[in-house]
Structures are given as C-alpha cells and as structure tokens.
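# Coordinate inspection notes
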Amino acid sequence: MADQSPQIFRGLRGVYADTTTSSFIDGEVGKLLYRGYNIHDLAEKSTFEEIVYLLLYGELPTKPQLAEIDGTLRASRSLPSEVIDVLKVVKDSHPMDALRTAVSVLGCVDPERDDNSVEATRRKGIRITAQVPTIVTAHHRIRSGQDPVDPDPGLNHAGNFLYMLFGERPTEEEMKLMDVDFIIHAEHGSNASSFAARVAASTVSDLHSAVVTGVGVLKGPWHGGAAEAVMKMALDIGTPENAEAYARNIIDNGGRIMGFGHRVYKAEDPRAGHMRDRSESLSRQKGQPQWFQILSHLEREVMRPYQAKGIYVNVDFWAGSIYYLLGIPDDLFVPIFAVGRIPGWTLQCMEQYEDNIIIRPLTEYVGPMDLEYVPIEDRG
Ligand code: CMC
C-alpha cells in the first residue's frame, strides 16, 4: 500500500507561501534587492528615509516626495501620553517587552486603528516608523532615572535616535553608521518576524497587532537577538587566542555560534560586509581594536571550515560590535533591529491586505487515536 503520510517541510524550509515585490534574495550567491535595487547601492548611496519611501511606495522618491515623507516622519515622532505612562509602569522590563507593550498601546489610540485599507496601513506604518525610536529611547531613559529627550526635528531619523538615546547630538559619522544599520535591517522577505506579521494581517487584523507580533518574534536569539549574543560572546572570549576553544566547546555541545548561519543565505549575507568595515574603523577610532580582532579571528580562522556547510556570518555578526562601541547598552541591540524593520513589516502587511488569503498551514497529527474517555473518578 502506498505511503499516505503527507510530505512535511519542517520550519517551512523551501516553501513559497506567496509572491512579493518587496525584496529578492538569492541565498546561493548572497544577493539582496529591495524593490529591485541592490542592497550594496542602497547601503552606500541612500538614506533610511529614502528606503522608507522605496519600500512603502515601490519606487525611489523624487526630491519633493522625499521631502514630504521626511517631513511626515519628523513630525510624527512624539508619543501619546498613554504610551509614556505605560513605559513608566514597565520601566524594569526588557526593552523588547516594553516595545511590544508600547506598540500595543499605540494601536489602542491610533486615529486610524480600525482602518485596514492599504492607504491607511501605509500612513500607520510611517507613523509607527517615526514613533518606535521614541519608544525605545524613552523607555531606556526612564529606566535609567532620566527624563525622555524630546525628538529634534532638525535631525534625520538615525541622528535623532542617537540624540534621544544619549541627550547629545551625534557626530556625522555616528549618524551615518546608524543610518546604514537601519537601511540594511529595513526589509528581508519572509523572515520569521515578517512572516508572523503577515499571518496576523492575513486574519484582517490591524497593522499595530501585526507589528506587536513582529516584535515578539524578532526578540528571539535565533532571529533579532543574535547581535546582543554575539557581543556577549566577544566579551566572554576576551582575546583572539581564546576564540577557537570557546567556539569548539559550543559546537561540540550541540550549540550554535551566534551571528553565523542563515536559513536562506548559503554564501555570505550581503548585509554583513557593510558592517564589517565600519566595525573595524570604529574599533580603531575608539582605541578598542580587540573586539574587531576577536570577531575577525572567529570569522576568518575558527569558522572558516563551516563555510563548506554554507555557514557564513550574517547581518548580526558585526552589528553588535558597532552598537557596543557607540556605547549602546546590549539589551537595546534587538530593539534597534526593530527600529529598522518597521517599514519591512508594514510593506509585508500591505501586500497581504492587497490580495489576502488567510495563512493557515497544516501539521500532521502523530498522537494516539480514538482513546476511550475515562471519567475522572475512575482514573488510576
Ligand atoms: N553555529 C553552528 N552551527 C550552525 C549554525 C551556527 N550559527 N547555524 C546552523 N548551524 C548548523 C545547524 O545546526 C545544522 O547542523 P546539522 O545539519 O548538523 O543539523 C546545519 O548547520 C544547517 O543549519 P540550517 O538548517 O542551515 O539552519 P537553519 O535554517 O535551521 O537555522 C539560523 C538558521 C539562523 C536559525 C541558524 O543558522 C542559527 O541559529 N544561527 C545563529 C543565530 C543567528 O545568528 N541568527 C541571526 C540570523 S540573521 C538575522 C535575522 O534575519 O534573523
């Protein structure tokens, strides 16, 4: 008799759930396009504001279009008082938990909360993109016993984020670092958090609910949490000579080296190189070359044999060292990923709403069948 078992694609590996015009990824050669444009051009020549427009409208903006979206982003950064009140209540929580909660509150008070049209979703996505940096920095300052810093409309998205975090205007170079970081994190196809956000949208739930879902999924160390884990690893390793034994111990015990490997990329993640060079020059500038040396040794020497298995560095490998050198606390590394990813989540939800079908896969039941129900008083 033929085998009746369904074919199972664990982790949905290799499964295409729909079509998209958001981003193209060729994992075999390490190629990434946003809306058709190569990530290398975008990371080097564009700005995060331009990427927000590109993702949400499908084409690069003209000068007036860029000025308009930039103006809207700058004008939308303030938070409703309800959000600040809740951030005070959850001040001792992990910043990702606080962010998840605060986005949920935003959803309760957003003027278009019940409008799931594509146009309203785009407007809400722009608002959330503007508000999330204010949430992350306000929570950090409240938990540190400081007052939140009001957004500065004179600064771009990246510069204003650093300003609200530290209360000081960043240098041009620091702003550029954050800008590139936000650009390379903005969109990435059907990654776990974007897919989860799409599942939420597929039930015709609202964008804020989808973003709350995305934040919850991004938090895990196998997804957005890797940058934090990489820097912890570098601090634990301490010197390049210790890297080999440290990594061997993890792998021999069935663990994973954070910042390496990817479900789709079996070559180097094209986003990683943009952070590598910047990590090297920042390390030198800050007089702390050891972190770059440790990570570089790990990549070039210790993990080189794993390239044969398709395990290369991913976007998170170098990002953590940059945040660390900028003086950003390690539990803010994942929220920074979220700050960059809001346009991507919004775009995925817009696509889902535009041509919706509920996302509902199957799991094969392998438990017992037709058991006899025994009343509780008769159970042994
Ligand atoms: N260290 C050691 N071994 C690894 C690693 C790693 N980082 N990643 C994968 N492997 C092994 C894995 O255990 C498997 O071994 P085996 O064949 O013996 O079972 C083999 O390589 C193939 O793994 P895979 O099937 O390609 O991996 P996956 O698609 O199930 O998981 C991943 C992808 C990202 C969850 C995984 O590579 C990982 O846990 N990496 C570390 C966490 C990390 O850096 N995450 C950030 C990802 S990039 C940012 C984002 O978009 O989320």
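What you see is a predicted model, and the numbers here were worked out from it, not measured in a lab. (Residues numbered from 1 in each chain as written. Predicted model: local features only at pLDDT ≥ 70, side-chain atom pairs only at ≥ 80, totals over all residues. Heavy atoms only, no water.)

## Focus on the pattern of salt bridges
Quick note on the threshold: For salt bridges, the criterion is a side-chain nitrogen of Lys or Arg within 4 Å of an Asp or Glu carboxyl oxygen. Buried residues are those whose accessible area, probed at 1.4 Å on protein chains only, stays under 20% of the maximum for their type, while exposed residues exceed 50% and partly exposed ones sit between those limits.
Enumeration over the complete set of coordinates arrives at 20 salt bridges. Arg 271 is paired through a salt bridge with Asp 269; the nearest N and O atoms lie 2.8 Å apart. The exposure class of Asp 269 is buried, given its relative accessible area of 0%. Salt bridges sharing partners connect three or more residues here, namely Asp 110, Glu 112, Arg 123 and Arg 127.

## Quick look at the pairing of strand β1 (residues 23–26)
Successive residues of a regular strand alternate their side chains across the two faces of the sheet. Spelled out, the test is: Here, a strand pair is defined by DSSP locating no fewer than two bridges between the strands. Numbered from the N terminus, helices here are DSSP runs of H or I no shorter than four residues, and strands are runs of E no shorter than two.
Taken together, the 4 bridges between β1 and strand β2 (residues 31–34) define a ladder with antiparallel strand orientation. Across the sheet, the residue bridging to Ser 23 is Tyr 34, located in β2. Where β1 hands over to β2, the hairpin turn is made up of 4 residues, of which Gly 30 adopts a positive phi near 70°.

## What about the packing of helix α8 (residues 172–185) against helix α13 (residues 272–285)?
For clarity, the cut-off: Inter-axis angles, ranging from 0 to 180 degrees, are taken between N-to-C directions of lines fitted to C-alpha atoms, where helices are fitted over the stretch in contact. For classification purposes, angles smaller than 35 degrees are called roughly parallel, those larger than 145 roughly antiparallel, those between 65 and 115 roughly perpendicular, and all remaining angles oblique. Take the far helix as your reference; a near helix turned counterclockwise from it by less than a right angle gives a left-handed crossing, and one turned clockwise gives a right-handed crossing. Residue contacts are defined here by distance: any two heavy atoms, one from each residue, within 4.5 Å place the two residues in contact.
Their axes nearest at 11 Å, the elements α8 and α13 cross at an angle of 155°. When the axes of α8 and α13 are compared, the pair comes out roughly antiparallel. Remark: the crossing between α8 and α13 carries left-handed chirality. Here Glu 173, Leu 177, Val 180, Asp 181 and Ile 184 of α8 lie close against α13, whose contacting residues are His 274, Met 275, Arg 278, Leu 282 and Gln 285.

## Details of the domain arrangement of the protein
Definition in use: For the domains described, the bounds stem from an automatic or database domain assignment. Values labelled buried area give the accessible surface lost by two parts on being combined, using a 1.4 Å probe and summing over both. Within 3.5 Å is the distance limit for a polar contact, defined as a pair of N or O atoms, with the added protein rule that one can donate a hydrogen and the other accept it, and that residues adjacent in sequence qualify only through two side-chain atoms.
According to the domain assignment, the protein contains domain 1 (23–221 + 331–354) and domain 2 (226–325). Inter-centroid distance (C-alpha atoms) of domain 1 to domain 2 is 26 Å. Contacts between domain 1 and domain 2 engage 29 residues on the former and 26 residues on the latter. Of all residues in domain 1, Leu 177, Ile 184 and Phe 333 give up the largest surface area on contact with domain 2, accounting jointly for 28% of the area buried on that side. Linking Arg 278 and Glu 44 is a salt bridge whose minimum nitrogen-to-oxygen distance equals 3.5 Å. Here domain 1 and domain 2 share 8 residue pairs in polar contact (both at pLDDT 80 or more) between them.

## Describing the site of the ligand
As a reminder of what qualifies: Proximity criterion: a residue is near a molecule or strand once any of its heavy atoms comes within 4 Å of it. For the accessible areas, the method is Shrake-Rupley and the probe is 1.4 Å, while residue cover comes only from the protein chains on display. Lys, Arg, Asp and Glu make up the charged group, whereas Ala, Val, Leu, Ile, Met, Phe, Trp, Tyr, Cys and Pro make up the nonpolar group; the residues left over, Gly among them, are polar.
Around the ligand, the surrounding shell holds 19 residues, and the nearest of these are His 223, Ile 257, Phe 260, Arg 263 and Lys 266. Take His 223: an N or O atom from its side chain is 2.4 Å from an oxygen atom of the ligand. Between Arg 256 and the ligand, the recorded distance is 3.1 Å, taken from a side-chain N or O atom to an oxygen atom. In isolation the ligand exposes 940 Å². Once the protein is present, 76% of that is buried. The residue makeup of the shell around the ligand, split by class, is 8 nonpolar, 5 polar and 6 charged.

## Some remarks on the pairing of β2
By the bridge criterion, 2 bridges tie β2 to strand β3 (residues 37–38) in an arrangement that is antiparallel. Note on β3: the bridge partner recorded for Leu 33 is Asn 38. Counted between consecutive antiparallel strands, the loop separating β2 from β3 contains 2 residues, among which Arg 35 sits at a positive phi close to 50°.

## A closer look at a positive patch on the surface
The following threshold applies: For patch detection, residues must exceed 30% relative accessible area and be free of salt bridges, and they are connected within 9 Å for like charges or within 5 Å for nonpolar side chains (Val, Leu, Ile, Met, Phe, Trp, Tyr). Charge assignment: positive for Lys and Arg, negative for Asp and Glu; neither His nor the chain ends contribute. The location of each charge is read from NZ of Lys, CZ of Arg, CG of Asp or CD of Glu.
Taken together, the side chains of Arg 13, Arg 256, Arg 263 and Lys 266 make up a positively charged region of the molecular surface. Mapped onto the elements, Arg 13 comes out in the segment before β1.

## What to know about a negative patch on the surface
A cluster of acidic residues, Asp 18, Glu 119, Glu 354 and Asp 355, forms a negative patch at the surface. In this fold, Glu 119 is placed in helix α6 (residues 118–143).

## Things to note about the environment of Met 175
Tracing the backbone through its elements, the reader meets Met 175 in helix α8. Note: C-alpha distance between Met 175 and Asn 156 (19 residues apart in sequence) is 8.4 Å. Setting aside its immediate chain neighbours within four residues, Met 175 contacts Leu 155, Asn 156, Ala 158, Gly 159, Leu 162 and Pro 170.

## Let's talk about the packing of helix α2 (residues 48–57) against helix α3 (residues 63–75)
In the contact formed by α2 and α3, the axes pass within 9 Å of each other and the chain directions differ by 105°. Taken together, the axes of α2 and α3 lie roughly perpendicular to each other. Contacts from Glu 49, Glu 50, Val 52, Tyr 53 and Tyr 57 in α2 reach Gln 65, Leu 66, Ile 69, Asp 70 and Leu 73 in α3. Each residue belonging to the contact of α2 with α3 can be placed in one class, and the counts come to 6 nonpolar, 1 polar and 3 charged.

## Quick word on the packing of aromatic side chains
Rules: Each Phe, Tyr or Trp ring, with Trp reduced to its six-membered ring, pairs with another whose centre is within 6.5 Å; inter-plane angles below 30 degrees give stacked pairs, above 60 give edge-to-face pairs, and intermediate values give tilted ones.
Per the stated rule, a full pass over the model turns up 8 aromatic pairs. Measuring from centroid to centroid gives 5.8 Å for Phe 161 and Phe 182, while their planes differ by 80°, and the two rings are edge-to-face. One end of the pair, Phe 161, is in helix α7 (residues 157–166); the other, Phe 182, is in helix α8, and 21 residues separate them in sequence. Residue classification places Phe 161 among the buried residues on the basis of a relative accessible area of 0%.

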